[in-house]
Amino acid sequence: MNPQYIVDAIGTGALYSLMTLGLALVFSVMGLMNFAYGQLVMIGGFSIILLRSQPWWLLILGTILVVVFFSLLMERLAFRPVRNATAMTMLVTSFALAQFLQQLARVAFGANPKPLEQFSELSVQYEFAGLIVSRQIILTLVTTILVLIGLALLLRKTNIGIQLRASTEDVGMAALVGIKSNRVIAAAFVISGTIAAIVAILFFATRTNVSWSSGDSIVLIAFVGAVIGGLGSMVGAALGGFLMGFVYTMLNALLPMELRVFADAFLYTLVIMVLLIRPGGLIAAKGVRV
Amino acid sequence: MKSSVSTWSRWAWLAGLLAVPIIIVTFLISLTNDVSLIQRCTTALILMVMVIGLHVFSGNSGVVSFGSVAFAMIAAFTSALITIPAEKKPSLFPDMPNFLNWLWSFTVPVPLGILISVAFTAVIALLVGIPLVRLSGLAAGIGTLAFLVVVQVIVTKWKAVTRGESTMVGVPKETTLWWALGAVVLVIAIAALYQVTRRGRRLIATREDDKAAMSIGISIPIERLWGWVASCSIAGLGGALYGHYIATFSAQTFSIALTFFIIAMLVIGGLGSLTGAVVGVIVVQVLAELLRTVETQGIGPVPQIDAPGLTEMVLALILLLVLIARPAGITGGREITSWVRRRKGNVAQGAT
């Protein structure tokens, strides 16, 4: 087997684990599977197009601000009113919201994909021991590791992080001891939005266009990754997302040619098998409201 | 026996109160001879079959399923494969694998084709259901969603049998308004019967309190499996009817977006009640058609607005507002019979 595949698979896996983290964080705090999360990445894509001519730091900062703004807005306007409804109602609310944002982008930017000027500086390739590694993969890996460390520090060392973890364990109890649910949930949406913006930058760095439907495949991967990794567990989410990306890339590389078009079918059959063996996910958190 | 009499009367009331208005409205619409209105009504009735199908499992068990569209897809393609005239098959499917060559030798009439495809769907649902019904909550959601993706990939990529992205063509277009109406009345009768009799009440008991249900000897997997197979077969009926209605379709027709649309109609109507399933379809379809009319020609003082995506955007916004205003759906998960009985002073007898 060509070890080059492993490098590519790790790159995809790292990106998918970031996607999954943003979704899983909000789920663990309020039990909401936010289907509109993929649309946040799509919004990030369009803000990259609008900010493409700006210096790189402004592009990154601007994209994060725009996405976090939309993330907070959806929490305040759509999810807060249904916070105490059933999981199914919340899920459908997030779906309706995703549809709304998607069609809004279609009306605003048109039905055809908007071309995105390539980030040529990211496609520079290095060679280590016969393996080709692009800057984009290195950047993705470094960012993923930094985000994971940052998230771990935030959740363990800061006041809001500790409150967040307390709410993850038991929202009702946390509220009883004086933790303000509104603040904590808003914080989760800020973090989730920031991660969505970072995912958008890393994801669209290798794409040639952004379209109103760009977010769909992303949320599917994150959704499935979060569940097979283990709901409510951040480590589980990162692992689940990583496995989705890693296994998918490996299937595409290793399956015989005539079966390669069915790679997705194999991947999702594996997902069903994982769920049947471990319905709570690979790393199941304690006391998660499923 | 007294209890069986009340069961039958509850069934007749529930099915009758839902079916009779639909029959009357459909007759009135057929009298208008407005082709586009009749088309819209047919589509809505076919969707109603699929939404009721989903209700039979998700509504009664409280377990999310994203898989119903997969069964609609399986039935639509199965029925197409056996009803396309035999003489057309060699040119439509030049690469048909040898083990399926027997499909070439015969053609069945469409009603029989629909029947066979529903039976085939039931068998698949049973096989897939045996492992899948053991999952609950979001694991069930993801498991069924994964199944939908698997079926979609196979249907899209197995070009020799499904024609892949080049779409199924030559399917006999025979579904009429009356077929769709007949199917809706039939599935309302079946769904109502299921939930007023012992089999369905057991499944509802597992939804209300799984531990209490188990303690009186109800097997959750077995009850869910019954509901699941019934639900997927009804979805299959809807899918087969839809296939013979639009006559040209591909895996893209049975998308994740359609899945959510169906779930949204169920939740907006009110998850947990058959009335909710019916009301949800009517409300969402009427809204969608009104908006579509504005987009194409304008209504009264509202001018025509030409912007692709605007209809869907406003529809999504309205759905969002309905959910925020009534998180439990329009009916709040209660049956139409519970309102009628309340007026008689006999509170909440028929409520599930």
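Q: Give a description of the overall build of chain B that names residues and reports values.
A: Per the secondary structure count, chain B includes 15 helices and 0 strands. For chain B, the C-alpha radius of gyration of 21 Å lies close to 20 Å, the compact-globule estimate for 352 residues. Here the C-alpha coordinates of chain B stretch approximately 65 × 60 × 35 Å along the principal axes. Considering chain B as a whole, with its 352 residues, one finds that 49% of them fall into the buried category. Here the analysis covers contacts within chain B between residues at least 6 apart in sequence; of these, 78% occur between residues at least 24 apart.

Q: Kindly report on the overall build of chain A, identifying the contributing residues and their values.
A: On a plain count of helices and strands, chain A comes out with 12 helices and 4 strands. For chain A, the C-alpha radius of gyration of 19 Å lies close to 19 Å, the compact-globule estimate for 290 residues. C-alpha atoms of chain A, sized along the principal axes, occupy 60 × 45 × 35 Å. Across chain A, contacts joining residues at least 24 apart in sequence account for 75% of those joining residues at least 6 apart.

Q: Summarise the interface of chain A and chain B; cite the residues concerned and give the values.
A: Taken residue by residue, the interface counts 35 residues in chain A and 35 residues in chain B. Contributions of two or more residues to the side of chain A that touches chain B are made by helix 4 (87-109), helix 9 (215-229) and helix 12 (263-277) of chain A. Looking at which element gives the most residues to the side of chain A that touches chain B, the answer is helix 4 of chain A, with 13 residues. The residue inventory of the side of chain A that touches chain B, partitioned by class, reads 28 nonpolar, 5 polar and 2 charged.

Q: Would you mind going over helix 4 of chain A in detail, with residue names and values included?
A: Given 3.6 residues per helical turn, the α-helix brings residues three or four places apart onto the same face. Residues and elements named next belong to chain A. If you check helix 4, its first and last C-alpha atoms are 32 Å apart, about what 23 residues at 1.5 Å a residue would give, namely 33 Å. Most of helix 4 sits inside the fold, with 18 of its 23 residues counted as buried. Gly110 lies just past helix 4 and shows a positive phi near 90°.

Q: So, the nonpolar core: which residues are in play, and what are the values?
A: Counting residues in each nonpolar core, the largest one holds 200 residues, and the members touching the most others are Val199(A), Val49(B), Val51(B), Ile52(B), Met73(B) and Ala264(B). Among the elements that make up this core, the one with the highest residue count is helix 8 (residues 181-204) of chain A (16 residues). Every residue in contact with Val49(B), bar those within four places of it in the chain, is listed here: Ala183(B), Val184(B), Val187(B), Ile234(B), Leu237(B), Gly238(B) and Leu241(B).

Q: Any details on unusual backbone geometry? Residues and values, ideally.
A: Residue and element names in this part refer to chain B. If you check the backbone angles, Arg163 has positive phi at about 65° while not being a glycine. Counting through the fold element by element, Arg163 comes out in the loop between helix 7 (159-162) and helix 8 (177-196). Of the residues examined, Arg163 has 20 C-beta atoms within 10 Å and is grouped as buried. With a phi angle near 65°, Ala247 is a residue other than glycine that sits in the positive phi range.

Q: Report on the packing of helix 2 (residues 35-61) of chain B against helix 11 (residues 220-246) of chain B, specifying residues and quantitative values.
A: All names here are of chain B. Where helix 2 meets helix 11, the closest approach of the two axes is 8 Å, and the angle between their N-to-C directions is 170°. Regarding the angle of helix 2 to helix 11, the classification is roughly antiparallel. Of the residues in helix 11, those touching helix 2 at Thr42, Ile46, Val49, Met50, Ile52, Gly53, Leu54, Val56, Phe57, Asn60 and Ser61 are Arg224, Gly227, Trp228, Ala230, Ser231, Ile234, Ala235, Leu237, Gly238, Leu241, Tyr242 and Tyr245. Split by residue class, the contact of helix 2 with helix 11 holds 15 nonpolar, 7 polar and 1 charged.

Q: Lay out the pairing of strand 3 (residues 131-134) of chain A with the relevant residues and their values.
A: Residues and elements named next belong to chain A. Alignment of strand 2 (residues 125-128) against strand 3, held across 4 bridges, turns out to be antiparallel. Paired with Glu127 across the two strands is Ile132, which belongs to strand 3. The hairpin formed by strand 2 and strand 3 contains 2 residues between the paired strands, and Ala129 there has a positive phi angle of roughly 45°.

Q: With reference to specific residues and values, describe the environment of Gly129(B).
A: All names here are of chain B. Structurally, Gly129 is set in helix 5 (residues 110-132). In this structure Gly129 comes out as buried when scored by C-beta crowding, with 23 C-beta atoms within 10 Å. Along the backbone, Gly129 and Arg224 are 95 residues apart, and their C-alpha atoms lie at a distance of 8.7 Å. The contact partners of Gly129, leaving out residues within four places of it in the chain, are Leu225, Trp228 and Val229.

Q: Tell me about the packing of helix 4 of chain A against helix 14 (residues 310-325) of chain B, and please be specific about residues and values.
A: Following both chains from N to C, one finds helix 4 of chain A and helix 14 of chain B inclined at 155°, their axes separated by 8 Å at the closest point. The angle between helix 4 of chain A and helix 14 of chain B places the two elements in the roughly antiparallel class. The handedness of the crossing between helix 4 of chain A and helix 14 of chain B comes out as left-handed. Taken together, the residues of helix 14 of chain B that come into contact with helix 4 of chain A (itself represented by Thr89(A), Val92(A), Thr93(A), Ala96(A), Leu97(A), Gln99(A), Phe100(A), Gln103(A), Leu104(A) and Val107(A)) are Leu310(B), Glu312(B), Met313(B), Ala316(B), Leu317(B), Leu319(B), Leu320(B) and Leu323(B). Class assignment for the residues of the contact of helix 4 of chain A with helix 14 of chain B results in 13 nonpolar, 4 polar and 1 charged.

Q: Go over the confidence of the model for chain B, please, and point to the residues and values.
A: Overall, the predicted model of chain B reaches an average pLDDT of 88, with 94% of residues at or above 70. This stretch, residues 346-352 of chain B, has a pLDDT under 50; its non-local contacts, to residues over four places away or in other chains, come to 19 contacts.

Q: Give me the lowdown on the environment of Leu266(B), citing residues and values where you can.
A: Residues and elements named next belong to chain B. Topologically, Leu266 is positioned in helix 12 (residues 256-269). Residue classification places Leu266 among the buried positions, given that 29 C-beta atoms sit within 10 Å. Spatially, the C-alpha atom of Leu266 lies 7.1 Å from that of His55, the residues being 211 residues apart in sequence. Once residues within four sequence positions are removed from consideration, Leu266 is found in contact with Val51, Leu54, His55, Ser58, Gly59, Leu271, Gly276, Ala277 and Gly280.

About the cut-offs
- Residues numbered from 1 in each chain as written.
- Chains lettered and ligands numbered in written order.
- Predicted model: local features only at pLDDT ≥ 70, side-chain atom pairs only at ≥ 80, totals over all residues.
- Helix = DSSP H or I, 4+ residues; strand = E, 2+ residues; numbered from the N terminus.
- Rg over C-alpha atoms; globule rule 2.2 N^0.38 Å.
- Buried ≥ 20, exposed ≤ 12 C-beta atoms within 10 Å, placed from the backbone.
- Contact = placed C-beta atoms within 7 Å.
- Nonpolar A, V, L, I, M, F, W, Y, C, P; charged D, E, K, R; others polar.
- Expected span 1.5 Å × (residues − 1).
- Core = buried A, V, L, I, M, F, W, Y, C linked by C-beta atoms within 7 Å.
- Axes fitted to C-alpha atoms, helices over the stretch in contact; angles between N-to-C directions.
- Parallel < 35°, antiparallel > 145°, perpendicular 65-115°, else oblique.
- Pairing = 2+ DSSP bridges.
- Left-handed = near helix turned anticlockwise from the far one by under 90°.
- pLDDT = per-residue confidence, 0-100.

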